[in-house]
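# Working through the structure, step by step
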4 protein chains.
Amino acid sequence: MTEQLKQLEILIRERRGSDPALSYVSKLFHAGRAKIAQKLGEEAIETVIAALGDNRQDLISESADLLFHLMVLLGDSGVTLADIEAELLRREGVSGLAEKAARVG
Amino acid sequence: MTEQLKQLEILIRERRGSDPALSYVSKLFHAGRAKIAQKLGEEAIETVIAALGDNRQDLISESADLLFHLMVLLGDSGVTLADIEAELLRREGVSGLAEKAARVG
Amino acid sequence: MTEQLKQLEILIRERRGSDPALSYVSKLFHAGRAKIAQKLGEEAIETVIAALGDNRQDLISESADLLFHLMVLLGDSGVTLADIEAELLRREGVSGLAEKAARVG
Amino acid sequence: MTEQLKQLEILIRERRGSDPALSYVSKLFHAGRAKIAQKLGEEAIETVIAALGDNRQDLISESADLLFHLMVLLGDSGVTLADIEAELLRREGVSGLAEKAARVG
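In what follows, the accompanying structure is described. Here the structure is a predicted model, which means the values were calculated and not measured. (Residues numbered from 1 in each chain as written. Chains lettered and ligands numbered in written order. Predicted model: local features only at pLDDT ≥ 70, side-chain atom pairs only at ≥ 80, totals over all residues. Heavy atoms only, no water.)

Another point: the overall build of chain A. Along chain A, the regular secondary structure elements total 6 helices and 0 strands. Start at the N end of chain A and walk to the C end: the helices and strands fall as α-α-α-α-α-α. Counting across all 105 residues of chain A, residues that qualify as buried make up 53%. (Helix = DSSP H or I, 4+ residues; strand = E, 2+ residues; numbered from the N terminus. Buried < 20%, exposed > 50% of the residue type's maximum accessible area, 1.4 Å probe, protein only.)

As structure tokens, this is what we get:
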């Protein structure tokens, strides 16, 4: 992740427990895990539909919504994007990819 | 993104047009946009269900699948994770968050 | 389907082309296929979440939303619930079930 | 519902508790609520994608899968399609529709 994305993740987490009237993120945390998961699912549906359309900006916008709500869901569960990255890189096929990159690079 | 995740994204993109028998990613690209979008949607459903369970490792695993298929879908559309990050940071609320982080940091 | 459900399906279809200000269904038809499909997807997510909870009434309510939006989506595509029933009964396994029912009944 | 669809629903329910090797439905019940809900979600994604395509038969096929898995999910929860119909007809807007149908008919 970029430093900026890490900052964003930290700030999202800081909103846990704060007044739900103050921000959308606080409101999501206050609504609870099931509601956050529902929003993630909805954004995934919108990403699917955008991907089948021809508008590149729509896809970027919906994917950003999806990634954002994933960060909130993970934040609610005490998981970080770094945990997800580690899992991706740990997997056999992915390690193979990274290894190949190391050889090629 | 970390350097490793960038490498993974590059390697995913290199699989476009390669033999679908060689890797899961090549097979996905060969199957086409609708099939990749379908897989993204399925992984989102599994992430929702994992989030409602109590198993942290399940959530990490399903979120990794979701992020991976998002990278493939974006790769098929010529969009990068960096485009998504830029969109997140461009948004008003998010910029506000980043600005706050700069002040605090 | 019951006679009442058939009536509901007919009335949903009659809303196509009518003023979107008049009803939720007219508004959906006016918004178009992608929007109706998005709503169907969202209701499916809510049905999944309700099914994992312990509240029977929530599941009934979300499933009703899902079936309702399926009827609107089918109406927009010129497909009827009767077409769906026929497809279910046509399938090999299902035909087997029906046959067994006939023998048992 | 037609008599045939009612029979199908009854037969689906009879598969609860039977050997998972005997039928797909038994296997689903054996896999449990979360797995059935996951399948419902997946079929909804496929219905969304089919609706955005131009193939009427695909939409019928995916909608049939969706309705079928909804029946299994409801069966696992002790809810019937009749409960869903009753909920649809109970709702204010829907009652209005039915009332209008009664006046027109």
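Okay, back to it.
Right, let's get into the relation of the copies chain B and chain A. Rotating chain B by 180° and translating it 0.0 Å along the rotation axis places it on chain A, where the RMSD comes to 0.0 Å. When the rotation and shift are considered jointly, the pair of chain copies conforms to a two-fold rotation axis. A share of 100% of interface residues in chain B that are also interface residues in chain A marks the association as one of identical surfaces. (Least-squares fit on C-alpha atoms with pLDDT ≥ 70 in both. Contact = heavy atoms within 4.5 Å.)

To continue, consider the packing of helix H4 (residues 56–77) of chain C against helix H5 (residues 81–90) of chain D. Viewed as axis vectors pointing N to C, H4(C) and H5(D) meet at an angle of 75°, and their least axial separation amounts to 9 Å. The orientation of H4(C) relative to H5(D) falls into the category roughly perpendicular. Contacts from Arg56(C), Gln57(C), Ile60(C), Ser61(C), Ser63(C), Ala64(C), Leu67(C) and Phe68(C) of H4(C) reach H5(D) at Asp83(D), Ile84(D), Glu87(D) and Leu88(D). Partitioned by chemical class, the residues of the contact of H4(C) with H5(D) number 6 nonpolar, 3 polar and 3 charged. (Axes fitted to C-alpha atoms, helices over the stretch in contact; angles between N-to-C directions. Parallel < 35°, antiparallel > 145°, perpendicular 65-115°, else oblique. Nonpolar A, V, L, I, M, F, W, Y, C, P; charged D, E, K, R; others polar.)

Now for the interface of chain B and chain D. Put simply, an interface is often sized by how much accessible area is lost when its parts join up. If you look at the interface, chain B gives 8 residues, while chain D gives 8 residues. Of the roughly 660 Å² buried between chain B and chain D, counting both surfaces, carbon and sulfur atoms make up 76%. The three residues of chain B that bury the most area against chain D are Gln38(B), Ile45(B) and Ile49(B), which together make up 56% of that side's buried surface. For the interface between chain B and chain D, the tally reads 0 salt bridges. The interface formed by chain B and chain D holds 2 residue pairs in polar contact (both at pLDDT 80 or more) in total. (Buried area = accessible area lost by both parts, 1.4 Å probe. Salt bridge = Lys/Arg side-chain N within 4 Å of Asp/Glu carboxyl O. Polar contact = N/O pair within 3.5 Å; in protein donor to acceptor, adjacent residues only side chain to side chain.)

Next up on the list: the pattern of salt bridges. Residue and element names in this part refer to chain B. Enumeration over the complete set of coordinates arrives at 36 salt bridges over all chains. Among the ionic pairs, Asp76 bridges to Arg16, the shortest N-O distance being 3.7 Å. Separated by 60 residues along the polypeptide, Asp76 in helix H4 (residues 56–77) and Arg16 in the loop between helix H1 (3–14) and helix H2 (24–31) bring together distant segments of the chain. Judged by its relative accessible area of 10%, Asp76 is buried.

Residues and elements named next belong to chain D. Here helix H1 (residues 3–14) crosses helix H4 (residues 56–77) at 50°, and the two axes come no closer than 9 Å. On the basis of their axis angle, the class for H1 and H4 is oblique. At the point where H1 passes H4, the crossing takes the right-handed sense. From H1, Leu5, Leu8, Glu9, Ile12 and Arg13 reach across to H4, where they touch Phe68, Met71, Val72, Leu74 and Gly75. Residue classes in the contact of H1 with H4 are distributed as 7 nonpolar, 1 polar and 2 charged. (Left-handed = near helix turned anticlockwise from the far one by under 90°.)

So, on to the interface of chain B and chain A. The partner chain A presents 48 residues to the 48 residues of chain B that form the contact. Taking both sides of the interface into account, the surface hidden between chain B and chain A amounts to around 4,300 Å²; carbon and sulfur atoms contribute 74%. Joining chain B to chain A, the criterion identifies 4 salt bridges. The residue Asp83(B) makes a salt bridge to Arg56(A) at a minimum N-O spacing of 3.3 Å. Looking at which element gives the most residues to the side of chain B that touches chain A, the answer is H4(B), with 15 residues.

What follows covers the side chain of Glu43(B). Residue and element names in this part refer to chain B. Checked against the element boundaries, Glu43 lands in helix H3 (residues 33–52). Judged by its relative accessible area of 5%, Glu43 is buried. Residue contacts for Glu43: discarding those within four places in its chain leaves Glu62, Asp65, Leu66 and His69.

A few words on H1(B). Residues separated by three or four positions in an α-helix point in the same direction, a consequence of the helix having 3.6 residues per turn. Residues and elements named next belong to chain B. The first and last C-alpha atoms of H1 sit 17 Å apart over 12 residues, in line with the 16 Å expected at 1.5 Å per residue. Taken as a whole, H1 has its buried residues at Leu5, Leu8, Glu9, Leu11 and Ile12. Buried residues of H1 fall within an arc of 165° about the axis and therefore sit on the same side. (Expected span 1.5 Å × (residues − 1). Arc of directions from axis to C-beta.)

When chain B is brought onto chain D, the operation consists of a screw motion whose angular component is 180° and whose axial shift is 0.0 Å, with 0.0 Å RMSD remaining. Interface overlap between copies is the fraction of interface residues in one copy that are interface residues in the other; for chain B against chain D it reaches 100%, indicating a shared surface.

Considering the arrangement of structural elements, one finds Glu9(A) in helix H1 (residues 3–14). Note: C-alpha distance between Glu9(A) and Leu74(A) (65 residues apart in sequence) is 9.6 Å.

The next point concerns the nonpolar core. Within the largest apolar cluster, 120 residues are counted, with the highest numbers of intra-cluster contacts made by Ile12(A), Ile12(B), Ile12(C) and Ile12(D). Setting aside anything within four residues of it in sequence, one finds Ile12(D) in contact with Val25(D), Phe29(D), Phe68(D), Met71(D) and Val72(D). (Core = buried A, V, L, I, M, F, W, Y, C linked by side-chain atoms within 4.5 Å.)

On to the side chain of Glu46(C), then. Among the secondary structure elements, Glu46(C) is positioned in helix H3 (residues 33–52). It is Lys35(A) that comes nearest to the buried, bridge-free Glu46(C) among opposite-charge side chains, at 5.9 Å. Within the local environment of Glu46(C), its side chain forms a polar contact with the side chain of Gln38(A), the two groups lying 3.4 Å apart. The contact partners of Glu46(C), leaving out residues within four places of it in the chain, are Gln38(A), Glu42(A) and Glu62(C). (Lys, Arg positive; Asp, Glu negative; His and termini not counted.)

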